[in-house]
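What follows is each chain in one-letter form.
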Amino acid sequence: MSKTARWRSAALPIASTALVLALAGPAAASAPAAATTATATTATEAVPDSTPDAAGPRVPATSTHRPVGTTSARLVDRDRPDPWRPDTPSRELMVTFWYPTDSARGAHAPYLSTELSTALYGTDAPAAVRTGAVAGARPAPGHHPLVLLSPGFGLSRTTLTALGEELAARGYAVAAVDHTYETLVEFPGGRIEPCLVCGREGTDPDFGATSSRARAADLRFVLDRLTAPGGRGPVRGLTVDPGRIAAVGHSLGGAAALEAMAEDRRIRAAANLDGTVWIPPTGLRSRPVLLFSAQLGGSPGATGNWEDSWKRLTGPRYWVDLPTAGHLSFSDEHWVVDALGSRDQLPADSGPDLFGSVRGERALAATRAYLGAFLDRHLLGRPAPLLDRPSRAFPEVRFAK
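Residues numbered from 1 in each chain as written. Predicted model: local features only at pLDDT ≥ 70, side-chain atom pairs only at ≥ 80, totals over all residues. Heavy atoms only, no water.

**Q** So what's going on with the overall build of the protein chain? Residues and values would help.
**A** Helix and strand counts for the protein chain come out as 10 helices and 14 strands. Taken over 401 residues, the protein chain has a buried fraction of 57%. If you take every contact in the protein chain between residues at least 6 apart in sequence, the share linking residues at least 24 apart comes to 75%. Accessible area of the protein chain: about 15,200 Å², with a carbon and sulfur share of 52%. (Helix = DSSP H or I, 4+ residues; strand = E, 2+ residues; numbered from the N terminus. Buried < 20%, exposed > 50% of the residue type's maximum accessible area, 1.4 Å probe, protein only. Contact = heavy atoms within 4.5 Å. Areas by Shrake-Rupley, 256 points an atom, 1.4 Å probe, with all protein chains shown as cover.)

**Q** Can you explain the state of the cysteines? Please cite residues and give values.
**A** Applying the stated criterion across every chain yields a total of one disulfide. Note on cysteine connectivity: C195 is disulfide-linked to C198, with sulfurs 2.0 Å apart. With the S-S dihedral at roughly 90°, the linkage between C195 and C198 falls on the right-handed side. (Disulfide = S-S within 2.5 Å.)

**Q** Could you give an account of the pattern of salt bridges, with specific residues and numbers?
**A** In the structure shown here, the tally under the stated rule is 24 salt bridges. In this structure, D178 engages R157 in a salt bridge whose closest nitrogen and oxygen atoms are separated by 2.7 Å. Highlighted residues: D178 in strand β7 (residues 173-178) and R157 in the loop between β6 (143-150) and α4 (161-169), separated in sequence by 21 residues. Accessibility expressed as a relative area gives 8% for R157, which makes it buried. (Salt bridge = Lys/Arg side-chain N within 4 Å of Asp/Glu carboxyl O.)

**Q** Describe the pairing of strand β12 (residues 289-293), listing the residues and the values that go with them.
**A** Where burial is concerned, most of β12 is hidden: five out of the five residues are buried. With four bridges joining them, strand β11 (residues 269-273) and β12 adopt parallel strand pairing. Bridge pairing in β12 places A270 opposite V289. Bridge analysis of β12 against strand β13 (residues 317-321) gives five bridges, and the strand direction is parallel. Each residue of the ladder has a partner; that of L290, found in β13, is Y318. (Pairing = 2+ DSSP bridges.)

**Q** Give a detailed account of the packing of α4 against helix α10 (residues 360-380), specifying residues and quantitative values.
**A** At their nearest, the axes of α4 and α10 sit 10 Å apart, and the two run at 45° to each other. Between α4 and α10, the angle is such that the two are oblique. Two packed elements cross with a definite hand, and for α4 against α10 that hand is right-handed. For the pair α4 and α10, contact is made by A162, L163, E166 and L167 and by L364, T367, R368, L371 and L375, respectively. When grouped by side-chain class, the residues that make up the contact of α4 with α10 number six nonpolar, one polar and two charged. (Axes fitted to C-alpha atoms, helices over the stretch in contact; angles between N-to-C directions. Parallel < 35°, antiparallel > 145°, perpendicular 65-115°, else oblique. Left-handed = near helix turned anticlockwise from the far one by under 90°. Nonpolar A, V, L, I, M, F, W, Y, C, P; charged D, E, K, R; others polar.)

**Q** Break down the nonpolar core for me, with residues and values.
**A** If you look at the biggest cluster of nonpolar residues, it comprises 41 residues, and the most contacted ones within it are W98, L149, Y370, L371, F374 and L375. Contributions of two or more residues to this core are made by β6, α4, β7, β10 (239-250), β11, β12, β13 and α10. No other element matches the nine residues that α10 contributes to this core. One finds A175, F221, W306 and W319 within the second-largest nonpolar core, a separate group that totals 36 residues. (Core = buried A, V, L, I, M, F, W, Y, C linked by side-chain atoms within 4.5 Å.)

**Q** Lay out the side chain of R287 with the relevant residues and their values.
**A** Mapped onto the elements of the fold, R287 is located in the loop between β11 and β12. Notably, R287 is buried but unbridged: the nearest opposite-charge side chain belongs to D264, and the N-O separation is 6.3 Å. In this structure the side chain of R287 is engaged in a polar contact, spanning 2.5 Å, whose partner is the backbone oxygen of L284. When residues no more than four places from it in sequence are discounted, the contact partners of R287 are M261, A262, D264, R265, I267, R268, G315 and P316. (Lys, Arg positive; Asp, Glu negative; His and termini not counted. Polar contact = N/O pair within 3.5 Å; in protein donor to acceptor, adjacent residues only side chain to side chain.)

**Q** Quick rundown of helix α8 (residues 332-339)? Include the residues and the values.
**A** Buried residues dominate α8, accounting for seven of its eight residues. Of the residues making up α8, those classed as buried are D332, E333, H334, W335, V336, V337 and D338. Backbone nitrogen of E333 and a side-chain oxygen of the N-cap are separated by 3.2 Å at the start of α8; the cap is S331. Directly after α8, the chain includes G341, whose backbone phi takes a positive value near 65°.

**Q** Requested: an account of the environment of V147, with residues and values cited.
**A** Within the fold, V147 resides in strand β6. Placed 20 residues apart in sequence, V147 and L167 show a C-alpha to C-alpha distance of 8.1 Å. Ignoring anything within four residues of it in the chain, the contact list for V147 reads L167, Y172, A173, V174, A175, A246, V248 and L375.

**Q** Could you give an account of the environment of Y181, with specific residues and numbers?
**A** Tracing the chain through its elements places Y181 in the loop between β7 and β8 (185-187). For the pair Y181 and D82, spaced 99 residues apart in sequence, the C-alpha to C-alpha distance is 9.5 Å. Not counting residues within four places of it along the chain, the set of residues in contact with Y181 comprises D82, W84, R85, R91, E193, P194, C195, L196 and V197.

**Q** Would you mind going over the packing of helix α5 (residues 207-226) against helix α6 (residues 252-263) in detail, with residue names and values included?
**A** One can describe the packing of α5 onto α6 by two numbers: an axis separation of 8 Å at closest approach and a directional angle of 60°. Between α5 and α6, the angle falls in the class oblique. Remark: the crossing between α5 and α6 carries right-handed chirality. Here F207, G208, S211, S212, R213, R215, A216, L219 and R220 of α5 lie close against α6, whose contacting residues are L252, G253, A255, A256, A257, E259, A260 and E263.

As structure tokens, then:
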């Protein structure tokens, strides 16, 4: 596999360590991650949120400015052993939910704890980021379309916060899933589970497919919980529309989103943000797919994976490219690095692949706009001319297909 194909899968520690280097310098790369094997006792447990005291960068404002609520919960699938720890009879996940709310009053949720920030990045600087979502706000009434989010390998679900807030402000319920043991995950009580499989991607040729299937199962379990009868979902007062569901992922999470839709007819649309596809996308039953790449569309040597996938898509399909972006431009990692003023500390040979030349907030604006248009068209039936032709609002985005 070429270097380009590898980093587009996010199956390399560089995706996580790059931000460590950018924020805290080379010494931070050796910072130990906290871990414990304590066993939780409840199947669902809300994680309390609070507002950080220190002022810091703010998650970029959403396009609609509609109030957004959020909460996080621990979910346990007792019918499935953990795919990375077969001796563990249950699969334990942490999920962050964003959703529309009618009130902007209340404390805003933290971006992440200082403990998790230090474990992930070797510094507590990202913990100073301020979010725009109100912790524990009551969901707005009505049946909301649902978007499931899966982050890149080695990356926390917090790296999809800006996308989650934007989609919630557009009217969607959003669930971002941490895939346990594929990144550091903090559970209630401060327990942080390690990334058990980090490094395995470089030695196991089947790792991408194995992880895609495991992640798809995680997404389907969360979907089961959110559509449970009798309003017994993990977020009190939140009702999702079972007929309007999409899966979206960044990098390896994008491959998982396609696999989840292939396995589950309830998922009506899927989007892959710059991720290598590890399992040929079959069984999608003519459902719509968005492929959004960075530099990929203009690099013939790197397009083979997506070219093959493109030919297998039989429903509405879109492939747009942001040539000035990097692989992490579709996540919060890019605008956070810019906001903290540490992008110039990146190793010279990694910066272009990871962040390109575009500013993080500009890449985020394009990602929000094109992903939002795709979901609006295929879940809500709204007009989305942005998907049909080049846009004066985003002249740097081009149609690869």
